[in-house]
Amino acid sequence: MWVVLLLAGLWFTLRSGFWQVFNIGRIFRETLGSLFSKSGRKSPSLSQSDPDIASGGSPGKTVTPFQAMSTALASTAGTGNIAGVATAIVAGGPGAIFWMWLSALFGMMTKYAEVYLAVKHRRKSKTPGGGFYGGPMYYMESIGWKAPAVIFAALCMTSALGVGNLTQVNTLADAVHTVFNAPKLLTGVVTAALAGLVVLGGIRSVASVTEKLVPFMSVLYIALSAAALFVFRDAIIPAIQLIIAGAFNPQAALGGAAGYTIFRAMRYGINRGVFTHEAGLGSAPIAHACADTDNPARQGMWGALEVFIDTIVLCTLTALVILAAGVFSTEPNVTLDGASLTVASFELALGPFGAGAVAVCTALFAFATIPGWCFYGEQCCRYLFTHPRAETVYRAAFILLLLPGAVLRLDVVWHFADVMNALMALPNLAALLVMSPQVFSGLRRYK
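Residues numbered from 1 in each chain as written. Predicted model: local features only at pLDDT ≥ 70, side-chain atom pairs only at ≥ 80, totals over all residues. Heavy atoms only, no water.

Enquirer: Kindly report on the overall build of the chain, identifying the contributing residues and their values.
Expert: Helix and strand counts for the chain stand at 20 helices and two strands. Going through the 447 residues of the chain one by one, you find that 61% of them count as buried. Entry remark: accessible area of the chain is about 16500 Å², with carbon and sulfur atoms responsible for 67%. (Helix = DSSP H or I, 4+ residues; strand = E, 2+ residues; numbered from the N terminus. Buried < 20%, exposed > 50% of the residue type's maximum accessible area, 1.4 Å probe, protein only. Areas by Shrake-Rupley, 256 points an atom, 1.4 Å probe, with all protein chains shown as cover.)

Enquirer: Give a description of the state of the cysteines that names residues and reports values.
Expert: On inspection of all chains with the given rule, the structure shows zero disulfides. C380 carries a free sulfur, and the closest cysteine sulfur to it, the one in C156, is 3.5 Å from it. (Disulfide = S-S within 2.5 Å.)

Enquirer: Provide a residue-level description of the pattern of salt bridges, including the pertinent values.
Expert: Inspection of the entire model under this criterion finds six salt bridges. Notably, a salt bridge pairs E141 with R123, separated by 2.8 Å at the nearest N-O pair. Within this pair, whereas E141 is found in helix 7 (residues 136-141), its partner R123 is found in strand 1 (residues 123-124), the two being separated by 18 residues in sequence. For R123, a relative accessible area of 31% gives the class partly exposed. Between R395 and E378 there is a salt bridge, with the nearest N and O atoms lying 2.8 Å from each other. Here R395 is found in helix 17 (residues 390-400), whereas its partner E378 is found in helix 16 (residues 338-384), with 17 residues between them in sequence. Because the salt bridges share partners, they merge into one network encompassing R26, E30 and R298. (Salt bridge = Lys/Arg side-chain N within 4 Å of Asp/Glu carboxyl O.)

Enquirer: Can you break down the packing of aromatic side chains residue by residue, with the values?
Expert: Across all of its chains, the model carries 13 aromatic pairs by this definition. Considering the side-chain rings of F98 and W99, the 5.1 Å spacing of their centres and the 90° angle between planes classify their relative orientation as edge-to-face. On the accessibility criterion, W99 (9% relative accessible area) is buried. Summarising the aromatic geometry, the rings of Y133 and Y138 are spaced 5.4 Å apart at their centres and angled 70° between planes, so their arrangement reads as edge-to-face. Given a relative accessible area of 6%, Y138 falls into the buried group. (Phe/Tyr/Trp six-rings, centres within 6.5 Å; stacked < 30°, edge-to-face > 60°.)

Enquirer: Which residues make up the packing of helix 6 (residues 96-120) against helix 20 (residues 436-446), and what are the values?
Expert: For the pair helix 6 and helix 20, the least separation of the axes is 10 Å and the interaxial angle reads 90°. When the interaxial angle is binned, helix 6 and helix 20 end up roughly perpendicular. Between helix 6, through M109, Y112, A113, Y116, L117 and K120, and helix 20, the contact on the second element is made entirely by Q438, V439, G442 and L443. (Axes fitted to C-alpha atoms, helices over the stretch in contact; angles between N-to-C directions. Parallel < 35°, antiparallel > 145°, perpendicular 65-115°, else oblique. Contact = heavy atoms within 4.5 Å.)

Enquirer: So what about helix 6? Which residues, and what values?
Expert: Between its first and last C-alpha atoms helix 6 spans 35 Å; for 25 residues at 1.5 Å apiece the expected length is 36 Å, and the two agree. At G107, helix 6 shows its largest kink, close to 35°. Along helix 6, 21 of the 25 residues are buried, which leaves the element largely enclosed by surrounding structure. (Expected span 1.5 Å × (residues − 1). Bend = angle between axes of the 7 residues up to and from the residue.)

Enquirer: Run through the environment of V189, naming residues and quoting values.
Expert: Inspection of the secondary structure assignment puts V189 in helix 9 (residues 184-199). Each C-alpha atom of the pair V189 and P404 lies 9.6 Å from the other, and the pair is 215 residues apart in sequence.

Enquirer: Talk me through the environment of D411; I want residue IDs and the actual numbers.
Expert: Note on placement: D411 falls in helix 19 (residues 410-434). Sequence spacing of D411 and T87 is 324 residues, and the spatial spacing of their C-alpha atoms is 9.8 Å.

Enquirer: Quick one: what's the story with helix 9, residue by residue and with numbers?
Expert: For helix 9, spanning 16 residues, the distance from its first C-alpha to its last is 22 Å, which sits close to the expected 22 Å at 1.5 Å a residue. Along helix 9, the positions that sit buried rather than exposed are T187, G188, T191, A192, A195, G196, V198 and V199. What you see down the axis of helix 9 is that its buried residues fit within an arc of 160°, all on one side. (Arc of directions from axis to C-beta.)

Enquirer: Which residues make up unusual backbone geometry, and what values go with them?
Expert: Residue F18 is not a glycine yet carries a positive backbone phi of 55°. Relative to the helices and strands, F18 resides in the loop between helix 1 (2-15) and helix 2 (19-22). Accessibility expressed as a relative area gives 29% for F18, which makes it partly exposed. Of note in this structure, E278 is not a glycine but carries a positive phi near 60°. For E278, the position within the fold is in the loop between helix 13 (262-277) and helix 14 (284-288).

Enquirer: I'd like to hear about the environment of A366, residue by residue, with values.
Expert: Along the polypeptide, A366 turns up in helix 16. We classify A366 as buried; its relative accessible area is 0%. With 199 residues separating them along the chain, A366 and T167 place their C-alpha atoms 8.5 Å apart.

Distances and angles like these do not, on their own, reveal function.
Printed below as a string of structure tokens:
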């Protein structure tokens with residue numbers, strides 16, 4: 001599956017002429033840069049006769065392009081940035097980070113494509129003030145793929161319980177227990193109560209929370225990582241060298257440690273990379289489809305930026321701190337893994353403050369992810385079931401599952417999330433490749 005994901009990203013990258021590389025400045029200007037310009041707060045209207053342009057904004061339940069990106073980024077910038085990086089290093093060696101970078105580089109164009117198609121083929125609610133809704137199931141329907149659309153919605157609805165629920169609360173509870181010795185079940189109860197308050201308000205409530213939480217938690221974690229790396233400044237270059245060497249000759253880089261191969265580094269690096277930036281899964285486009293924009297090309301740039309911030313910036317910081325700290329070990333039966341390994345690395349750099357601060361960051365990252373994925377699951381439930389109470393039942397089940405998720409074994413939770421990721425990506429990637437001419441033609445017009 002990770003080979004398919006990597007090749008799909010490579011296809012969009014090559015066909016676009018490495019657009020995300022040569023236009024990285026433009027991506028920043030037309031996304032984050034637009035927040036500082038009154039004229040740029042909304043995407044400019046393009047010709048409505050253009051077949052690749054979606055309907056204009058609505059005063060209903062839409063969100064701003066930044067809020068849509070914040071909701072999607074909150075769902076991606078979760079435990080994968082803290083626990084996912086650590087598990088990738090433990091399972092695949094330091095070289096896994098190189099392949100995580102590569103998956104993000106190609107994934108920027110994959111995410112651009114799926115966000116573009118989601119905005120282009122979204123639907124407008126018939127309910128007064130209902131706004132827009134959309135996602136992969138709707139752009140699959142546009143080419144007559146009803147069965148794959150149903151399959152995707154069913155898998156995404158189930159995946160939300162693993163990727164956006166169990167793994168998040170499990171890592172949150174693990175980090176809080178490691179640092180503060182708080183009972184994991186109690187953490188699950190508190191998380192469920194707070195998440196329930198947020199998701200009751202729907203997409204606007206979720207977006208309102210995430211647009212404030214995402215910038216705060218990102219800046220906090222970047223500052224914390226910068227402080228740790230300043231302490232380990234002499235070990236930064238060796239850590240980068242270990243990543244590069246480990247990507248192509250893991251056993252030599254790690255002194256002949258058994259079990260580490262290029263295959264394992266590729267598998268776990270790309271695997272965890274996809275888990276954290278979600279490019280190709282089809283989840284984030286569900287949030288982007290709600291954006292108040294009539295310009296799918298620009299919203300696609302928000303999607304590409306999301307991958308860059310999540311993996312190239314946040315995941316890299318985590319990896320460098322772990323490797324520079326030297327806490328990572330190639331010895332068998334090492335118990336430190338996931339969030340515990342990351343916490344131990346920051347504690348070595350900054351003492352008890354570092355451990356407590358990274359536990360707080362873990363809690364923020366994990367909590368921010370939960371409401372967004374609950375929204376994804378609800379939208380898929382809405383697509384599959386016409387009963388008015390179906391979404392309410394799903395929401396209740398999602399919140400209740402936070403309780404057992406807090407106390408399950410780490411390996412069980414991550415394996416379930418991996419399987420769900422792979423299954424829901426298959427129909428989405430197939431649709432993306434078939435519909436890629438629409439993406440490239442729209443990109444050419446926008447350029």
